[in-house]
Amino acid sequence: MRNPPKHLEKRRKRHPLTGFLLAVSLLELVVIVYLLLPSGQDRTETAAPPAEAEPLRWEQPMDQPPAASQLNVSVLPAAKAPSESDQDAEEAEEPAVQEKTKPAGELSAAEILSNSQLVAHGMGSIGGLTTPNCVESFLAQYEAGIRVFEVDLRLTRDAKNVLRHDWWNTSWQSGIDWARIPTRDKFLSEKILDKYTPLSFRDLLQLMEVYPDICVITDTKFTESDVFTIQFDSMLADARELGLTYLFDRIAIQVYSGNMRTGLHNIYPFPHYIYTLYQDEDFTGTKDSFRERAAYCAKHGIKGIAIDQHWWNPAFASIADEYGIQLYVHTVNDAATAKKLLDAGCDAVYTDSLTPAQLS
């Protein structure tokens, strides 16, 4: 028999305890298996029951890291078991508000606009105050023969719509300005300059119900889709709560881009739109630029275009007529200028103070 190779001989001399260690390992394995297996009645009776895990009371999804304060479960209030009255309240469905029926013969926004040459800007001025959007200015303009009212809409801190041009006039309402945006209730509780009555969009709908011969043009200010979605959802909620969604047939929605019109039409099929160019940064004032927008409006059922007075071009009137679009100009407070624009093909002008009597 040949001698083993030298490298094996060295390995054998290097590990003389290999067999002993293997035997110890096998013995440890047997002990572990023995401990894991049940070993009779005595062991079953003496084993301690597993502790129940304390439920973690928080509402954030578990796949998101919680804030440090949320980890202190002991300071959170215990969940309250619902009472029978709570369960009954949840099970009882509130009755749906019955939608009111549009009165027979009531005109649409498009029909009222086609018979009007003046639009009261911000509901018209009163006492030298422009864009007050208040009850008193509405009544004064209505008495003067105005039937189309442009209203400015702003969101309150509780995501409701109220009639307000902006929040910069710090003296208009006590405790309300750009740094202190009010709730709807707070807004309605403060008279404008201590004498004029403010309005919410909800109030406006009720006013429209009382005066069925008027129409409204909205100026909602916001162009960001996340904001105007919240704004128009709130407007629709007001209308549905009152059963007055039919009144949107007397409201022309001003949009500031094609994207806005698409977004709003996904929210609700508003029947009347006006494309207002004062926020359209791509409008250059040329005939070609105006024609592009007139063609877009004709394609998408938008019935009017409103432009600032400084953009006026008599050629725009013929282009609008070519596409079947009405053309409005804002804001015009001089009777002679208004007459000139109307004679040149403008369909109506937005105004703070002009009345039908001044144009006749």
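Placed above this text is the structure.
Residues numbered from 1 in each chain as written. Predicted model: local features only at pLDDT ≥ 70, side-chain atom pairs only at ≥ 80, totals over all residues. Heavy atoms only, no water.

S.K.: Help me understand the overall build of the protein, please; the structure alone is not making it clear to me.
M.R.: A tally of helices and strands in the protein yields 14 helices and nine strands. Expressed as a percentage of contacts within the protein between residues at least 6 apart in sequence, the contacts between residues at least 24 apart total 58%. Put simply, the protein shows about 21000 Å² of open surface, and 54% of that area lies on carbon and sulfur atoms. (Helix = DSSP H or I, 4+ residues; strand = E, 2+ residues; numbered from the N terminus. Contact = heavy atoms within 4.5 Å. Areas by Shrake-Rupley, 256 points an atom, 1.4 Å probe, with all protein chains shown as cover.)

S.K.: Which parts of the structure should I look at to understand the packing of aromatic side chains?
M.R.: Here the distance between the centres and the angle between the planes together describe a pair of aromatic rings. Counted by the stated rule, this structure contains 17 aromatic pairs. Aromatic pair Phe 270 and Tyr 273: ring centres 6.5 Å apart, planes at 85 degrees, arrangement edge-to-face. Tyr 273 sits in the buried class, given a relative accessible area of 2%. Of the aromatic side chains, those joined through ring pairs into one cluster are Phe 201, Phe 232, Phe 248, Tyr 268, Phe 270 and Tyr 273. In this structure, Arg 147 packs its charged tip against the face of Tyr 142, placed 3.7 Å from the ring centre. (Phe/Tyr/Trp six-rings, centres within 6.5 Å; stacked < 30°, edge-to-face > 60°. Buried < 20%, exposed > 50% of the residue type's maximum accessible area, 1.4 Å probe, protein only. Lys NZ or Arg CZ within 6 Å of the ring centre and 35° of its normal.)

S.K.: Before we go on, may I ask you to explain the side chain of Gln 254 in this structure?
M.R.: Topologically, Gln 254 is positioned in strand S5 (residues 251-255). On the basis of relative accessible area, Gln 254 is assigned to the buried category, the value being 2%. At a separation of 3.0 Å, a polar atom in the side chain of Gln 254 contacts the main-chain carbonyl oxygen of Thr 218. A polar contact is formed between the side chain of Gln 254 and the side chain of Thr 276, at a distance of 3.2 Å. (Polar contact = N/O pair within 3.5 Å; in protein donor to acceptor, adjacent residues only side chain to side chain.)

S.K.: Help me out: how do you make sense of unusual backbone geometry in this one?
M.R.: Excluding glycine, most residues fall at negative phi; most peptide bonds, likewise, are trans. With an omega of -20 degrees, the peptide bond running from His 330 to Thr 331 counts as cis. Following the sequence through the fold, Thr 331 ends up in the loop between strand S8 (326-330) and helix H13 (335-343). Even without glycine at this site, Asn 133 takes up a positive phi of about 50 degrees. The class for Asn 133 is buried, based on a relative accessible area of 0%. Phi is positive for Lys 221, which is not a glycine, with a value near 75 degrees.

S.K.: Just checking my understanding: could you explain helix H12 (residues 314-322) for this structure?
M.R.: Owing to its 3.6 residues per turn, the α-helix aligns residues three or four sequence positions apart on the same side. Along H12, the residues classified as buried are Ala 315, Phe 316, Ala 317, Ile 319 and Ala 320. Elements in contact with the buried residues of H12: helix H11 (287-300), strand S7 (304-308) and S8. Two or three places before Ala 315, at the start of H12, stands the capping residue Asn 313, its side-chain oxygen 2.9 Å from that residue's backbone nitrogen. Positive phi appears at Gly 324, one or two residues downstream of H12, with a value of about 70 degrees.

S.K.: I keep staring at the pairing of strand S6 (residues 273-276) and nothing clicks. Help me out?
M.R.: Consecutive residues of a regular strand have side chains that alternate between opposite faces of the sheet. The alternating pattern of S6 places Tyr 273 and Tyr 275 and Ile 274 and Thr 276 on opposite faces, both of which are buried. One ladder, built from three bridges, connects S5 with S6; its direction is parallel. Residue pairing across strands places Gln 254 opposite Ile 274, the latter belonging to S6. With helix H10 (residues 258-267) bridging S5 and its parallel neighbour S6, the resulting β-α-β unit is right-handed. (Pairing = 2+ DSSP bridges. Right-handed = clockwise from strand over helix to strand, strands pointing away.)

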